Amino acid sequence: MRIAEMARPAPTRAQRWGLLVTVGAGLLLITLDNSILYTALPTLTADLGTTGTQSLWIINAYPVVMAGLLLGSGTLGDRVGHRRMFLVGLVVFAAASLLAAFAPSTGVLIAARVLLAVGAATMMPATLALIRVTFQVERERNIAIAVWGSLAIVGAALGPIVGGALLEAFWWGSVFLVNVPVVVVAVAATLLVAPPNDPDPSKRWDLVSSLQAMVGLVGAVFAIKELAHQPPSPTVLAAAVLASAVGGTLFVRRQRRLADPLLDFAIFRNPAFTSGVLAAAVALFAIAGLQLVTTQRFQLVAGYTPLQAGLLVAAVAAGSIPTTMLGGAVLHRTGLLPLITGGLALAVPGVVLVAVGLHAGLPVLVTGMVVTGAGLGMAMSVASTAIVGNAPARRAGMAASVEEVSYEFGALTAVALLGSLGTFVYATAVRLPPGAPTAAGDSLVDALGTADGNQIIIDAAHAAYDTGYLITVAVVAVVLTVGAALTGRLLRHHGPGTPAGVYPTDH
């Protein structure tokens, strides 16, 4: 522990919880921007005249760039101070939001989304790292991290709702402009309640390692996305796999040679840390996957408005909020195993109910969403604690970055794989009548656009789309089952009464 840490007075209760509200606002903005365009995209593309490829980049530029930058930005925060990183990230995020809101063309909007990702990646690891170094009592920190975890779920669920509500009253730029006043308040609050910036110049931040990590992660994301295309482009797939393999290999080799690596792989020998990373990725895979396919299905097939579809998937957040709070409060009694493994296991019957509810009725489907949220809330409430509690405070940024990468990678994988899987199943399962337009066999959107009111074509397209929906939901259930089994194995010695981390106090 450094002398500055020893001499600094402990934060007051008001400062601690004020900080939580402040960094929570920043996290909410980041997660909202991951999903807020799901409902705004049709209006936005019509106004700007974007192509299909450009529309994909408007959505994907933000999470792809953020995933590539997260690991390096968290470790940089260990060197320059997490308060500074959080403030810089907020300012960049606000500037990018203004640029996106008034973007005159698609190219400018995509550039603004990239800049938004830079701001998000700068401040996101700092949100969790600041909690780690501010809350010095383990039980209080567990509750604070549980609140943080719940905000990640709430933000993802609120995105489509906020987007739909804003579009009913304003133009599409409002989905970005709404960020600015929140940032202004968050900056002012940070200056008042955040602990003094505590840089550690002895920590080395290796730019080369950060670039290698970004190449490896972005290459992996592109490979996943291309594999999900039907058919995939051999050239794009080969280039993405090569970039991921080269970047990842160089990164691993370099970390083993550095005295102060960007990522200390030895930390993964701790099963609690590894289970937390796995739980975070699996939980976000489930949330993003259900959110994506359910909002699209009920808009395209059931005729829901964007706001109605957003409110439907918000049932996941409604189910998660009580269990995230409960998980943080009882962790010291239960240990990690019942909450992480039990939470993922509880989500499985919830997802099954979602699938059954497609034909059994909306009450069953909503119940399934709530049960799924309750299980994922349990797991996510303590996954963050498992990660940061098993890394020393001096590497809080590194631990936070690993967690954020797992969250983003889980969500990206869900969007890439499940979205394309639904389209593939539709094209395989659809049974169109003779004389139907060829394009109607490609996707439900194409079928609805070319059916010209032919109810036979529309019914066939709806049936095929529902088949794709059920299969994608089944994949989510399988992933959750595998996640529960793996974390159960890793946490077999972390039952009731066991500590959540090997670093229960700040040192």
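Treat the numbers as computed from the prediction; the structure is a model and nothing was measured.

1. Concerning the packing of helix H6 (residues 106-134) against helix H7 (residues 138-169)
And step 1. Where H6 contacts H7, the axes come no closer than 10 Å and their chain directions differ by 165 degrees. Accordingly, the angle class assigned to the pair H6 and H7 is roughly antiparallel. Crossing angle aside, the handedness with which H6 passes H7 is right-handed. Across from Thr127, Leu128, Ile131 and Arg132 in H6, the residues of H7 making contact are Arg141, Ala144, Ile145 and Trp148.

2. Brief notes about the side chain of Thr341
And step 1. One can find Thr341 in helix H14 (residues 336-360).
And step 2. In this structure the side chain of Thr341 is engaged in a polar contact, spanning 3.1 Å, whose partner is the backbone nitrogen of Gly488.
And step 3. Residue contacts for Thr341: discarding those within four places in its chain leaves Leu336, Ala484, Thr487, Gly488 and Leu491.

3. Structural notes on the packing of aromatic side chains
And step 1. Under the criterion given, the structure shown has three aromatic pairs.
And step 2. Measuring from centroid to centroid gives 5.2 Å for Phe268 and Phe273, while their planes differ by 85 degrees, and the two rings are edge-to-face.
And step 3. Using a relative accessible area of 31% as the deciding quantity, one classes Phe268 as partly exposed.
And step 4. The class for Phe273 is buried, based on a relative accessible area of 0%.
And step 5. Taking the centre distance of 5.2 Å and the plane angle of 55 degrees together, the rings of Phe298 and Tyr304 count as tilted.
And step 6. The buried category is assigned to Phe298, whose relative accessible area is 5%.
And step 7. Over the aromatic face of Phe298 sits the side chain of Arg297, whose NZ or CZ is 4.7 Å from the ring centroid.

4. A look at the packing of H14 against helix H18 (residues 455-490)
And step 1. Running from amino to carboxyl end, H14 crosses H18 at an angle of 165 degrees, the nearest separation of the two axes being 9 Å. On the basis of the axis angle, H14 is roughly antiparallel to H18. Two packed elements cross with a definite hand, and for H14 against H18 that hand is left-handed. Of the residues in H18, those touching H14 at Leu337, Ile340, Thr341, Leu344, Ala345, Ala347, Val348, Val351, Val354, Ala355, Leu358 and His359 are Asp466, Tyr469, Leu470, Val473, Val476, Ala477, Leu480, Thr481, Gly483, Ala484, Thr487 and Gly488.
And step 2. Each residue belonging to the contact of H14 with H18 can be placed in one class, and the counts come to 17 nonpolar, six polar and one charged.

5. A word on the confidence of the model for the protein
And step 1. Per-residue confidence for the protein gives a mean pLDDT of 81; residues scoring 70 or more make up 91%.
And step 2. Low pLDDT, under 50, characterises residues 1-7; the stretch is placed with seven contacts to residues that sit more than four places away or in other chains.

6. Some remarks on the environment of Gly173
And step 1. Examined against the element boundaries, Gly173 turns out to sit in the loop between H7 and helix H8 (174-177).
And step 2. For Gly173, a relative accessible area of 0% puts it in the buried group.
And step 3. Distance in space between the C-alpha atoms of Gly173 and Ser320 is 30 Å, their sequence separation being 147 residues.

Conventions used here
Per-chain numbering applies: the sequence of each chain, read as written, is numbered from 1 onward. Only residues with pLDDT of at least 70 get local features here, since the model is predicted, and only at 80 or more are side-chain atom pairs given and counted; chain-wide, interface and lining totals rely on the full set of residues. By convention in this description, side-chain values take in all heavy atoms of the structure and omit both hydrogens and water. Only the stretch in contact is used when a helix axis is fitted, and all axes are lines through C-alpha atoms; the angle between N-to-C directions ranges over 0 to 180 degrees. For helices the rule is a DSSP run of H or I covering at least 4 residues; for strands it is a run of E covering at least 2, with both sets numbered from the N terminus onward. We call two directions roughly parallel when the angle between them is under 35 degrees, roughly antiparallel when it is over 145, roughly perpendicular when it lies between 65 and 115, and oblique otherwise. For any pair of crossing helices, the crossing counts as left-handed if the nearer helix is rotated counterclockwise from the farther one by less than a right angle, and right-handed if it is rotated clockwise. In this analysis, two residues are considered to be in contact whenever any of their non-hydrogen atoms come within 4.5 Å of each other. In protein, a polar contact requires one atom able to donate a hydrogen and another able to accept it; more generally it is a pair of N or O atoms within 3.5 Å, and residues adjacent in sequence count only if both atoms are side-chain atoms. What counts as a ring pair is set by centres within 6.5 Å for rings of Phe, Tyr and Trp (its six-membered ring), and what kind of pair is set by the plane angle: stacked under 30 degrees, edge-to-face over 60, tilted for all other angles. A simple rule labels every residue: compare its accessible area, found with a 1.4 Å probe on the protein chains alone, to the largest value its type can have, and call it buried under 20%, exposed over 50%, or partly exposed in between. Only Lys NZ and Arg CZ are tested; either one counts as a charge over a ring when it is within 6 Å of the ring centre and within 35 degrees of the ring normal. Ten residue types, Ala, Val, Leu, Ile, Met, Phe, Trp, Tyr, Cys and Pro, are classed as nonpolar, four, Asp, Glu, Lys and Arg, as charged, and the remainder, Gly among them, as polar. Each residue carries a pLDDT score, the predictor's confidence in it, ranging from 0 to 100.

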